Amino acid sequence: MIGSELSPDEVQASLRKMPRNSENHLDIAKLSKYFLELGDSQVGTEETPIRRDVASGVREAIVRIAEAEAQYDLNDAKAFAQFLHDADVRLVRARYLTELVLSGRPLPRRQELQSMTFVPPNSQEAETALVSHQEVQTWAEGHRDAIICSISHAWETREHPDPCRYQLEQVAQHVALYEAAFKADVWVFYDYASLFQFERFSPEEQSSFGAAMQNMHVMYAHEHTLTLRIESLTPDDVWNRMMDHGTQLVPVYDKDEKCVVAKPLKDLVANKAAYLSRGWCMAEVEWSTLRTVNLQHQRIDGVDDRSDDGSRLNGRIPTTPENFRSKMEQAVFTHRSDAESVIRLQEKIFLEKVTACEHLELEGLPADQMLALAHALPLYRNLKSLKVKTFRCSEEAVEALAKAFATSGLQSLTVCNDDAESSKLMVKALAAALKENASITSIDLYDNKIGNESAEALAEALMENKSITNIDLLNNHIGDVGAEALAGALK
């Protein structure tokens, strides 16, 4: 991410009033926007700057995913807490992750974390590394503030997802920023620490892992969670340095010794497949894009994701099941048979979320994703309001968007963009659609700088459209010619 141009005082001033939703929970969508303002500001010391366990045991659990019915409401905090309880999934305290980074230790397995405690800075009392189910329930009932982050990342070795601690440092830095800025607990779903790992001896551990895998989408698609994504792998210089220094050991489970053994990196089985080539990573990305506000899904590994004009255009539209199946044919799976189960689950969750969605807010869409929006919009059958902010549009997308808007049951459309040419193309599509659409009643085009030509196109459409009751065209560089055309259409 790019460092914020705001001063620390300005940033803090913008965060004094904690945004909350109607259930008295912190408004995760708004917090996500504030987080982008903070950029990659440092918190604490300079030192503060898993993937799913597909290698073992996953096949037995994943075969049941396709048959599993949706059990947990992806909008309800209490349903989320119930899932964690039923599957015995545990969240990790952000402060504990910071403690690991400062002490130079890698992330432990869930089995070892069960009994671990630590003493946070400026505290005299020890805390458990893992959050209890009772704490999560208290949050779900609205009696405690917490931000819940699900980490999406690649496993870099078969035995341990992050032996060089590169990913851990990225996560610790960003969740510490959240915790400091919002004065709330930050709890993290980090698969290696949150799920029982190989080797699972007891029936309880096997049952927990199976139940978690059966509904893993809940962690990434729930409206009360954020997804923090790390696409990059450990830099080569960091990896090679650890390979050369055999004294830096990684505690991993040894199946022969039946216990955790400290081993050098060279003794682990590396996996250098790219993040976006891995089937499970691709699924987590898809589940994360299904939230109502796409800013609840963010890349955090320090990559400059701004376009040439300074805009951040990394938003994504959920992939339709047909296109997702095509992607999965090229994806990397430890067990190729997992692919069909993932495809079925993605289709089920896509239809569940998209069909029920009534309000959608999208930001930072590049041109190809605006085209994807046009293709996906007909599947949002109950969508009532759409807000599209900071996007780029192409001529190719205009015709597709016009057709999608024309047949949509949408009632309210808000467009807020920093690129005048893209705004004009969006208005071109909208004007064509309004000649047929009878459901849209409100259009907000404030501050899009669309100019006279686009105003005239809108005026022509409004001559035929009888459903529009409210339209905001302030600050759009509309001169006398455009104003006269609009005035004539609105008589």
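A brief report on the enclosed structure follows. (Residues numbered from 1 in each chain as written. Predicted model: local features only at pLDDT ≥ 70, side-chain atom pairs only at ≥ 80, totals over all residues. Heavy atoms only, no water.)

1. A closer look at the packing of helix α13 (residues 279–288) against helix α14 (residues 321–328)
Here comes step 1: Contact geometry for α13 and α14: axes closest at 11 Å, N-to-C directions at 160°. As judged from the angle between their axes, α13 and α14 are roughly antiparallel. Read as a crossing pair, α13 and α14 show a hand that is right-handed. In this structure, α13 contributes Gly-279, Met-282, Ala-283 and Glu-286 to the contact, and α14 contributes Phe-324, Lys-327 and Met-328.
Here comes step 2: When the residues that make up the contact of α13 with α14 are grouped by side-chain class, the tally is 4 nonpolar, 1 polar and 2 charged. (Axes fitted to C-alpha atoms, helices over the stretch in contact; angles between N-to-C directions. Helix = DSSP H or I, 4+ residues; strand = E, 2+ residues; numbered from the N terminus. Parallel < 35°, antiparallel > 145°, perpendicular 65-115°, else oblique. Left-handed = near helix turned anticlockwise from the far one by under 90°. Contact = heavy atoms within 4.5 Å. Nonpolar A, V, L, I, M, F, W, Y, C, P; charged D, E, K, R; others polar.)

2. Here we look at the nonpolar core
Here comes step 1: Core analysis: the biggest nonpolar cluster contains 92 residues, and Leu-91, Trp-139, Met-216, Met-219, Leu-386, Leu-401 and Phe-405 have the highest contact counts within it.
Here comes step 2: Counting 31 residues, the second-largest nonpolar core is a separate cluster that includes Ile-151, Tyr-178, Ala-193 and Ile-300. (Core = buried A, V, L, I, M, F, W, Y, C linked by side-chain atoms within 4.5 Å. Buried < 20%, exposed > 50% of the residue type's maximum accessible area, 1.4 Å probe, protein only.)

3. A closer look at the pattern of salt bridges
Here comes step 1: Evaluated as defined, the whole model comprises 29 salt bridges.
Here comes step 2: Of the charged contacts, one joins Lys-424 and Glu-421 as a salt bridge, the two residues approaching to 3.5 Å between their closest N and O atoms. You can see Lys-424 and its partner Glu-421 sitting in helix α18 (residues 420–434), 3 residues apart, about one turn around the helix.
Here comes step 3: The exposure class of Lys-424 is partly exposed, given its relative accessible area of 29%.
Here comes step 4: Here the salt bridges share partners, and the residues they tie into one network are Arg-93, Arg-95, Glu-127, Glu-135, Arg-144, Glu-179 and Asp-185. (Salt bridge = Lys/Arg side-chain N within 4 Å of Asp/Glu carboxyl O.)

4. Side note on the sheet that holds strand β13 (residues 442–444)
To summarise the sheet geometry, strands pair through backbone hydrogen bonds and adopt either a parallel or an antiparallel arrangement.
Here comes step 1: The strand order across the open sheet built from 5 strands is β10-β11-β12-β13-β14, with neighbouring strands paired in parallel fashion. Either end of the sheet is taken by a strand with one partner, and the two such strands are β10 (359–365) and β14 (470–472). The sheet shows a mean angle of 10° between the axes of neighbouring strands, taken without regard to direction.
Here comes step 2: Here 6 bridges tie β10 to strand β11 (residues 385–391), and the two strands are oriented parallel to one another. (Pairing = 2+ DSSP bridges.)

5. Comments concerning the pairing of strand β8 (residues 259–264)
Here comes step 1: Sheet topology places strand β7 (residues 249–254) next to β8; 6 bridges connect them, and they run antiparallel. Bridge assignment links Val-252 to a residue of β8, and that residue is Val-261.

6. Focus on the environment of Glu-141
Here comes step 1: Mapped onto the elements, Glu-141 comes out in the loop between α7 (133–140) and β4 (146–152).
Here comes step 2: Measuring from C-alpha to C-alpha, the distance between Glu-141 and Ala-81 comes to 9.5 Å, with 60 residues separating the pair along the chain.

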